[in-house]
Amino acid sequence: MAGFRANDLERTHHAERRSRASRRSRALPCLVEQASIDTLTVMQATVRRVDVGETTSLEDYSTHMNLHAAVHDLRHEAEILLPRLAGRRLWMLNSTEHGGGVAEMLPRMVTCLRELGLPTEWLVLETDDLGFFELTKKIHNLIHDSGTGGLDAEARSLYEAVNRQVKDALLDYVQPGDILMVHDPQPMAAGAMLKKELEISTVWRCHIGLDRSTERTKAAWSFLRPYGDAYDRAVFSAPEYIPDFLVGRSALVAPAIDPLSHKNRELHAVKLMGILCNAKLVQAMHPMMRPDFAEAAQRLLPDGSFGYARGDWDIGFLFRPIITQISRWDRLKGFRQLLDAFVRLKQRSAGERVADPTHRRRLEYVRLVLAGPDPRAIQDDPEGMLVFEDLRKSYAALEPDLQRDVAILSLPMSSRKNNALMVNVLQRASSIVVQASVQEGFGLTVTEAMWKHVAVLGTQACGIRQQIRDGVDGRLLTDLNDVDAFASVLDEMLARPKAREEYGRSAQRRVFNEFLVFSQLRRLLELFSLFGSSTQDVVPRG
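About the cut-offs
- Residues numbered from 1 in each chain as written.
- Predicted model: local features only at pLDDT ≥ 70, side-chain atom pairs only at ≥ 80, totals over all residues.
- Heavy atoms only, no water.
- Helix = DSSP H or I, 4+ residues; strand = E, 2+ residues; numbered from the N terminus.
- Buried < 20%, exposed > 50% of the residue type's maximum accessible area, 1.4 Å probe, protein only.
- Contact = heavy atoms within 4.5 Å.
- Areas by Shrake-Rupley, 256 points an atom, 1.4 Å probe, with all protein chains shown as cover.
- Salt bridge = Lys/Arg side-chain N within 4 Å of Asp/Glu carboxyl O.
- Arc of directions from axis to C-beta.
- Patch = residues over 30% accessible without salt bridge, like charges linked within 9 Å, V, L, I, M, F, W, Y side chains within 5 Å.
- Axes fitted to C-alpha atoms, helices over the stretch in contact; angles between N-to-C directions.
- Left-handed = near helix turned anticlockwise from the far one by under 90°.
- Nonpolar A, V, L, I, M, F, W, Y, C, P; charged D, E, K, R; others polar.
- Pairing = 2+ DSSP bridges.
- Phe/Tyr/Trp six-rings, centres within 6.5 Å; stacked < 30°, edge-to-face > 60°.
- Lys NZ or Arg CZ within 6 Å of the ring centre and 35° of its normal.
- Parallel < 35°, antiparallel > 145°, perpendicular 65-115°, else oblique.

**Q** I keep staring at the overall build of the protein and nothing clicks. Help me out?
**A** Scanning the protein from terminus to terminus reveals 20 helices and 15 strands. Going through the 542 residues of the protein one by one, you find that 59% of them count as buried. Contacts in the protein between residues far apart in sequence, at least 24 positions, make up 74% of those at least 6 positions apart. Within the structure as shown, the protein displays about 22,500 Å² of accessible surface, and the carbon and sulfur contribution to it stands at 50%.

**Q** What am I meant to see in the environment of Trp221 here?
**A** With respect to the helices and strands, the residue Trp221 is situated in helix α9 (residues 215-228). By relative accessible area, Trp221 is classed as buried at 12%. For Trp221 and Asp244, which are 23 residues apart along the polypeptide, the C-alpha to C-alpha distance reads 9.3 Å. The residues contacting Trp221, other than those within four sequence positions of it, are Ile143, Trp204, Cys206, Phe236, Tyr241, Pro243 and Phe245.

**Q** Can you walk me through the pattern of salt bridges in this structure?
**A** Pairs can form between side chains of opposite charge whenever their charged atoms are close. A full pass over the atoms with the stated rule returns 36 salt bridges. Across the pair Lys137 and Asp330 runs a salt bridge whose closest N-O atoms are separated by 2.5 Å. With Lys137 in helix α6 (residues 130-143) and Asp330 in the loop between β10 (322-326) and α11 (335-351), this pair connects stretches of sequence that are 193 residues apart. Side by side, Lys137 and Asp330 carry an identical accessibility label, which is buried. The network of salt bridges with common partners includes Asp145, Asp211, Arg212, Arg216 and Arg465.

**Q** How should the environment of Gln460 be read in this particular structure?
**A** With respect to the helices and strands, the residue Gln460 is situated in the loop between β14 (455-458) and α17 (462-465). Judged by its relative accessible area of 34%, Gln460 falls in the partly exposed class. Once the C-alpha coordinates of Gln460 and Asp479 are considered, the two residues, 19 residues apart in sequence, prove to be 7.9 Å apart.

**Q** What exactly am I supposed to notice about helix α12 (residues 357-365) here?
**A** The periodicity of an α-helix, 3.6 residues per turn, causes residues three or four places apart in sequence to face the same way. Three or more residues of α12 are buried, namely His359, Arg362 and Leu363. Summarising the axial view, the buried residues of α12 lie within an arc of 95 degrees, below the 170-degree limit, and thus occupy one face. The secondary structure elements touched by the buried residues of α12 are α11, α18 (483-495) and α19 (497-514).

**Q** What is the right way to look at a nonpolar patch on the surface in this model?
**A** A cluster of nonpolar side chains, Met273, Leu318 and Phe319, forms an exposed patch at the surface whose accessible area comes to about 330 Å². Here Met273 is to be found in helix α10 (residues 269-278).

**Q** Looking at this model, I keep getting lost on the packing of helix α16 (residues 444-451) against α19. Mind explaining?
**A** Angle between the axes and distance between the axes: these two values describe a pair of packed helices. The interhelical angle for the contact between α16 and α19, taken along N-to-C directions, is 115 degrees, at an axis separation of 7 Å. α16 and α19 meet at a crossing whose hand is left-handed. Across from Thr447, Met450 and Trp451 in α16, the residues of α19 making contact are Gly504, Ala507, Gln508, Arg510, Val511 and Phe512. Split into classes, the residues belonging to the contact of α16 with α19 amount to five nonpolar, three polar and one charged.

**Q** Looking at this model, I keep getting lost on the sheet that holds strand β1 (residues 45-49). Mind explaining?
**A** Strand pairing in a sheet is mediated by backbone hydrogen bonds. Such pairs are either parallel or antiparallel. The strand order across the open sheet built from seven strands is β1-β3-β2-β4-β5-β6-β7, with neighbouring strands paired in mixed fashion. Two strands lie at the open edges of the sheet, namely β1 and β7 (250-252), each paired on one side alone. In this sheet, neighbouring strand axes are inclined to one another by 25 degrees on average, regardless of whether the strands run parallel or antiparallel. Two elements, strand β2 (residues 90-94) and strand β3 (residues 120-127), share five bridges in a ladder whose sense is parallel. Opposite Leu90, over in β3, you have Thr120 as the bridge partner. Contacting β1, β2, β3 and β4 (179-183), helix α7 (residues 153-170) runs over the sheet at an angle of about 40 degrees to β1.

**Q** What should I look at first to understand the packing of aromatic side chains in this one?
**A** Think of a pair of aromatic rings as described by two things: how far the centres are apart, and how the planes are tilted against each other in angle. Enumeration over the complete set of coordinates arrives at 15 aromatic pairs. Ring geometry for Phe132 against Phe133: centres 5.3 Å apart, planes inclined by 65 degrees, an arrangement best described as edge-to-face. Comparing Phe132 with Phe133 shows no difference in burial state: the two are buried. Here the aromatic rings of Tyr159 and Tyr227 are separated by 5.3 Å at their centres, their planes lie at 55 degrees, and the arrangement is tilted. One end of the pair, Tyr159, is in helix α7; the other, Tyr227, is in helix α9, and 68 residues separate them in sequence. Neither residue differs from the other here; Tyr159 and Tyr227 are each classed as buried. Chaining the aromatic ring pairs together yields one cluster made of Phe132, Phe133, Tyr159, Phe223 and Tyr227. The ring centre of Trp313 lies 4.7 Å from the NZ or CZ of Arg404, which sits over that ring.

**Q** It is not clear to me how the sheet that holds strand β9 (residues 306-307) should be interpreted in this structure. Could you clarify?
**A** With mixed pairing, the eight strands of this open sheet are ordered in space as β9-β8-β12-β11-β10-β13-β14-β15. Both edges of this open sheet fall to β9 and β15 (475-476), since each of them pairs with a single strand only. Inspection of the sheet shows strand β8 (residues 298-300) paired to β9 by two bridges, in the antiparallel sense. Directly across from Leu300, in β9, lies its bridge partner Phe306.

**Q** Help me understand the packing of α18 against α19 in this model?
**A** The geometry of α18 relative to α19 is characterised by a closest axis approach of 5 Å and an angle of 95 degrees between their N-to-C directions. Taken together, the axes of α18 and α19 lie roughly perpendicular to each other. Here Met493, Leu494 and Ala495 of α18 come into contact with α19, specifically with Pro497, Arg500 and Tyr503.

Structure (structure tokens):
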């Protein structure tokens, strides 16, 4: 099994694919009748298999002294549990290959599970109907008690029409006896529909949630319940997120990071500086060993254009104190609140006498970096461009001195490796990494910064509370919307470098113990083993 190759799977499915395509073609008129929209003219939806490429092996991890025991424990667990899954194949399905925590985690999960002996593939939902992603973004926001409006019959019709086509496309890949793990609400209905047609085991993994019930969250869960009822098991990252109808069928598995990925691996000083220069975030003063990235980071300029962060617009990495947030351009990520707090910090420090001359210089020199993916590259988040535009207007309204102290960066997504390296150096070059989320299912950017021994400032969002213990692994804001309090915490953290160092050490230990990929995989293998081999009955729900 460890030597499983993707082209073997193509040959296995080839004959069935042609016959299923023929059956779907004959059934298509009926499909249109079931939906209130014309699926032939409004949308096309399918799935695409993602080639994760060559990645780090478990043996590579074992050569690192601090990771050897974790790999050993994972292999031992797999030796016990995988015989129970004989004959099974695992399929991962989500809504995007690039951007967001799910797309970040899946490549390493897929390759590790394959190496352990469980054939695993990654499929991505694709559709040309932007209205579908506007709808699923609305569901996402409602689960986080945000947004307006309800989910009516027309919304359900659109949601099911796209998912029905996705289900049909899944028939070209998934076979009886397989395990299908669906991530988040976008393709949730497709897994439920497929479950009715094939004898498969199904798991829905929800990476979002809220620690309270409101009218908005009730509306979202009521909309999703018919599909959730079809799944054998569900997975959440916090017990507070589990809706009533999935109690008793849900497991808790924290998301995790890959410590040797391009985003998280250690970088010696020469390599770190080289990436900053290759990404055009720092002006190269000497010949470079490697050429510049084909697409480099772009800094927003006051006139609304983009340019490289050099010359007059040099950010000052490695020389100035830097406060950084890296996230999707999402209203729930708190970019605007962080910007307001930083402005208040600078204005207040300029108007008050700071006794400590070193700290006075910190406040004078500190800069804010707000970074996120090129918003045009994230198909499943149509709100990103709107959020970015609102942030651009706020930036344009700042005084010139403040504009120089605020860097809004667009990170290209054309190269997954280069994007990950840019995030890595931005976090490592920061004095403080902030995640100012209004709501957060689980903040992988928090985990990444903690692993890098950087002081992190988060919020009381439930997912972040699972990661940071206030005053131990970092700091948590009591009220994100209290601009003065937010600025005061930033001021305090900047003024206490020894405390930042202590937060970083504790945070790194916490990630090592709780949030590395090896722990996540052990828990998932325990869950999958409940299904037994492909010749056994699916585990009963409840």
